[in-house]
Amino acid sequence: MLRVVIGLSLVLAPTAALSAQRPMVLQRSLAPFASPDQQLGTVGAASALPSDSSNSPRSPGAGREPTQRLWPVDVLRAHHAAAIERGELAVDVILADEGGGGQRTNTPSVVLRGADTAVIACRDELERLLADVARPILVEAWHLPLPSGPLPDCVASPAQLQQLLASATPRWHARTVTRGGGQVFLGREHWLGIVRDVDVEVAQSSRISDPKVDAAFEGVKVGLAVHALPGDRLLLEGDWLLSEHVATTELATGPNGQPTVNLPRHRTAYLTFAGSVDSGGALLVSGRMDGRGPADFLLVVRAAFAAPAPPRGNDGGRLAVSALTAAPLVLGLPRVFDVPGDDGSPLDARGPRGPRMQEEPLRMLLGEATGAAVEVHAGTAIVAGDTKLVDRCAALVDQLLSACATTRELRCELRSGDRTIAAIHQPVLFDRTAQAFVGEERSIVVDHEVEISESAAMTNPVVGGRRAGLWWRAAASDAGPAPVLDGCWLVATQGPLRIHQHSSSPPATLQLGDATVATFPWLGPIAAGRPTALGDGPGWTPDSPATQLTIELRAP
């Protein structure tokens, strides 16, 4: 195995003082110090999924340049500069050629050489640093049947979660291990093959249809980011997608039954979530819906530290700050099936869910406010100094984190007379955008294009998408006596589809339907813990009275 030894400039410089003695040598891999977005993403049967599907699992990028993992080496060199100057210690890096052929890989290691006491002190700091940065976090997710009675609160303590699990048989369960700042993607997916569209080719005296094969998603999946907070607490934010296949209609769009397309119909729940929990606690997203969307669902994410916090050494302190510095997940309403011309929703715009503090401004803020020497690397603030300085930085970090980890519960209810049409409970954080859609999605033939040549003609169906249900995009902020809510809610209903046979030659089949949409924007203070009526929406069915939409923001 070829090994290339590198120092600060990736070239090992011999140390005269070390050559005069037999040094102690230790080697440790730097791979565990890769930032979470450098970890390998979700590995799946990519060939079984549609290559252009917007529902392909979001996954972090693969490993990047190995130099991004070398920040622990810079920390060790800075903290042990005196020993290095005296010639008692050398801190170098090697890049291994694991495959042969002289090709370097992204698996750097640090090599410590020198006097026993200096090497052991440096090794101990490296191991304490690793224990803080890579402290394992167990993540579990469940899709549970919803118990009868009121919807549960959005935050469950470890004891409440155990009680909930003891009385339910999970419909789905998965678990994994990550670390602070890591992103997790879990799910159970079933892809239904469909002919989603047909293109036509017409030439002189001939014509042919060109089917477009795709897949429709059915199942459940969750993507989330997890961050360590002080006091063995954790911050979670992500999104759930639950889709139930109702039916797939095969519709002939042209003469003599040709061509045909598959038009899937699904009941879908897509909801984001964000909040903080004690280690072992969970965030819950729950809902009921009458007639459109999944009838009931209870989606649970639990996170727990899988190892105790390491003791503080005499080399300063290490504070988890990934909840402040990590780039927020970019989320948007996913497609259960991909169709051209999907009418979507004005709330579909994808974008970041919350603010992010850059590492350098955070380092300057902590250093200037406390007088400590602070470095920030990969979601960890490293404080050099005595206990008082470390405690000052920890208190300031606690203050910053408490402002971004205040969990609230957003409740939305849609009623028609005395009947509850939909009730949804969603955990949210201040200054983080929350999104949701609960309802029905379906493909329909919305138009036809016509292809004509000298002796041949053919219609080209245009497939589009329609949604009916309740969806919103909102963000709450802590702004004085009452929180301020900035959001928009939509209630949409679709009437029965009508088949229209257009009298062209050849004839073209269309699907016509009526839609009614009510929009409810809100920007301003909202009374915490008190339901607020936004107004009247369309009747849930053609013969039912108007619906009433109510929202509530409360502490769980």
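Data block above holds the structure.
Rules behind the numbers
- The residue numbering used here restarts from 1 in each chain and proceeds along that chain's sequence as written.
- With the structure being a predicted model, the display of local features is reserved for residues of pLDDT at least 70 and the display and counting of side-chain atom pairs for 80 or more, all residues being used for whole-chain, interface and lining totals.
- The basis for the side-chain values is all heavy atoms of the structure; hydrogens and waters are excluded.
- Each helix corresponds to a stretch of at least 4 residues labelled H or I by DSSP, and each strand to a stretch of at least 2 residues labelled E; elements are numbered beginning at the N terminus.
- Note on exposure labels: buried denotes an accessible area under 20% of the residue type's maximum, exposed denotes more than 50%, and partly exposed covers the range between, all computed with a 1.4 Å probe on protein chains only.
- What makes two residues a contact is simply this: any of their non-hydrogen atoms within 4.5 Å.
- Residue burial considers only the protein chains on display, and all accessible areas are found by Shrake-Rupley using a 1.4 Å probe.
- Residues belong to one nonpolar core when they are buried, are Ala, Val, Leu, Ile, Met, Phe, Trp, Tyr or Cys, and are joined through side-chain atoms within 4.5 Å.
- The pairing criterion is simple: DSSP has to find at least two bridges between the two strands.
- Between N-to-C directions, angles span 0 to 180 degrees; the directions come from axes that are lines fitted to C-alpha atoms, helices contributing only their stretch in contact.
- Two N or O atoms form a polar contact when they lie within 3.5 Å of each other; inside protein one atom must be a possible hydrogen donor and the other a possible acceptor, and for residues adjacent in sequence the pair counts only when both atoms belong to side chains.
- Geometric relationships in this document are graded by angle, where less than 35 degrees denotes roughly parallel, more than 145 denotes roughly antiparallel, 65 to 115 denotes roughly perpendicular, and other angles denote oblique.
- Less than a right angle of anticlockwise turn of the near helix away from the far helix marks a crossing as left-handed, whereas a clockwise turn marks it as right-handed.
- Throughout this entry, Asp, Glu, Lys and Arg are counted as charged residues, while Ala, Val, Leu, Ile, Met, Phe, Trp, Tyr, Cys and Pro are counted as nonpolar. The remaining residues, Gly among them, count as polar.
- Note on definitions: salt bridges are taken to be side-chain nitrogens of Lys or Arg within 4 Å of carboxyl oxygens of Asp or Glu.

Peer 1: Looking at this structure, I do not really get the overall build of the protein chain. What am I missing?
Peer 2: The helix and strand tally for the protein chain stands at eight helices and 28 strands. Here the protein chain, with 556 residues, has 50% of them falling under the buried criterion. Residue pairs at least 24 apart in sequence account for 70% of intrachain contacts in the protein chain once pairs closer than 6 positions are excluded. When the accessible surface of the protein chain is summed, it comes to about 24,100 Å², and 52% of that surface belongs to carbon and sulfur atoms.

Peer 1: Even after reading the chapter, I still don't get the environment of A121, so can you show me in this structure?
Peer 2: Turning to its location among the elements, A121 is positioned in helix 4 (residues 116-133). Classification of A121 as partly exposed rests on a relative accessible area of 34%. As for A121 and H80, which are separated by 41 residues in sequence, their C-alpha atoms are 8.9 Å apart.

Peer 1: Can you help me understand the nonpolar core in this one?
Peer 2: Considering soluble globular proteins, one finds that nonpolar side chains tend to be buried as a cluster. Counting residues in each nonpolar core, the largest one holds 54 residues, and the members touching the most others are V222, L236, W240, F273, F297 and W489. When sequence neighbours within four positions are dropped, the list of residues in contact with V222 reads A141, W172, V184, F185, L186, D239, W240, F273 and V301. In terms of nonpolar packing, the next biggest core, distinct from the first, is built from 24 residues, A323, A372, L389 and L401 among them.

Peer 1: Whenever I open this one, the sheet that holds strand 18 (residues 380-384) confuses me. Can you help?
Peer 2: The strands making up a sheet are joined through hydrogen bonds of the backbone, oriented either antiparallel or parallel. Ordered in space as 14-18-17, the three strands form an open sheet in which the pairing is antiparallel. The open sheet has two edge strands with one neighbour each: strand 14 (317-320) and strand 17 (373-377). Neighbour-to-neighbour, the strand axes of this sheet turn through a mean angle of 20 degrees, independent of strand direction. Sheet analysis places strand 17 next to strand 18, joined by five bridges and oriented antiparallel.

Peer 1: How should the side chain of D239 be read in this particular structure?
Peer 2: Mapped onto the elements, D239 comes out in strand 10 (residues 233-252). Among the polar contacts listed, one links the side chain of D239 to the side chain of Y270, at a separation of 3.5 Å.

Peer 1: Looking at this structure, how should I read the packing of helix 7 (residues 359-370) against helix 8 (residues 387-404)?
Peer 2: Geometrically, a packed helix pair is captured by the angle between its two axes and the distance between the axes. For the pair helix 7 and helix 8, interaxial distance at closest approach is 10 Å and the crossing angle is 125 degrees. With respect to helix 8, the axis of helix 7 lies oblique. By crossing handedness, the relation of helix 7 to helix 8 is classed as right-handed. Where helix 7 abuts helix 8, its residues L362, L365, L366, A369 and T370 lie against L389, R392, C393, L396, V397 and L400. Considering only residue class, the contact of helix 7 with helix 8 consists of nine nonpolar, one polar and one charged.

Peer 1: Teacher, can you tell me more about the pattern of salt bridges here?
Peer 2: Opposite charge on two side chains makes pairing possible when the charged atoms of those side chains draw close. What the rule picks out here adds up to 19 salt bridges. When the shortest N-O distance is used, the salt bridge between R135 and D232 registers 3.0 Å. One end of the pair, R135, is in the loop between helix 4 and strand 5 (136-144); the other, D232, is in the loop between strand 9 (206-229) and strand 10, with 97 residues separating them in the sequence. Residue R432 pairs with E237 through a salt bridge whose shortest N-O separation is 3.7 Å. Taken as a pair, R432 in the loop between strand 20 (419-429) and strand 21 (434-452) and E237 in strand 10 lie far apart in primary sequence, 195 residues in all. Accessibility expressed as a relative area gives 6% for R432, which makes it buried. Judged by relative accessible area, E237 falls into the buried class, the value being 3%.

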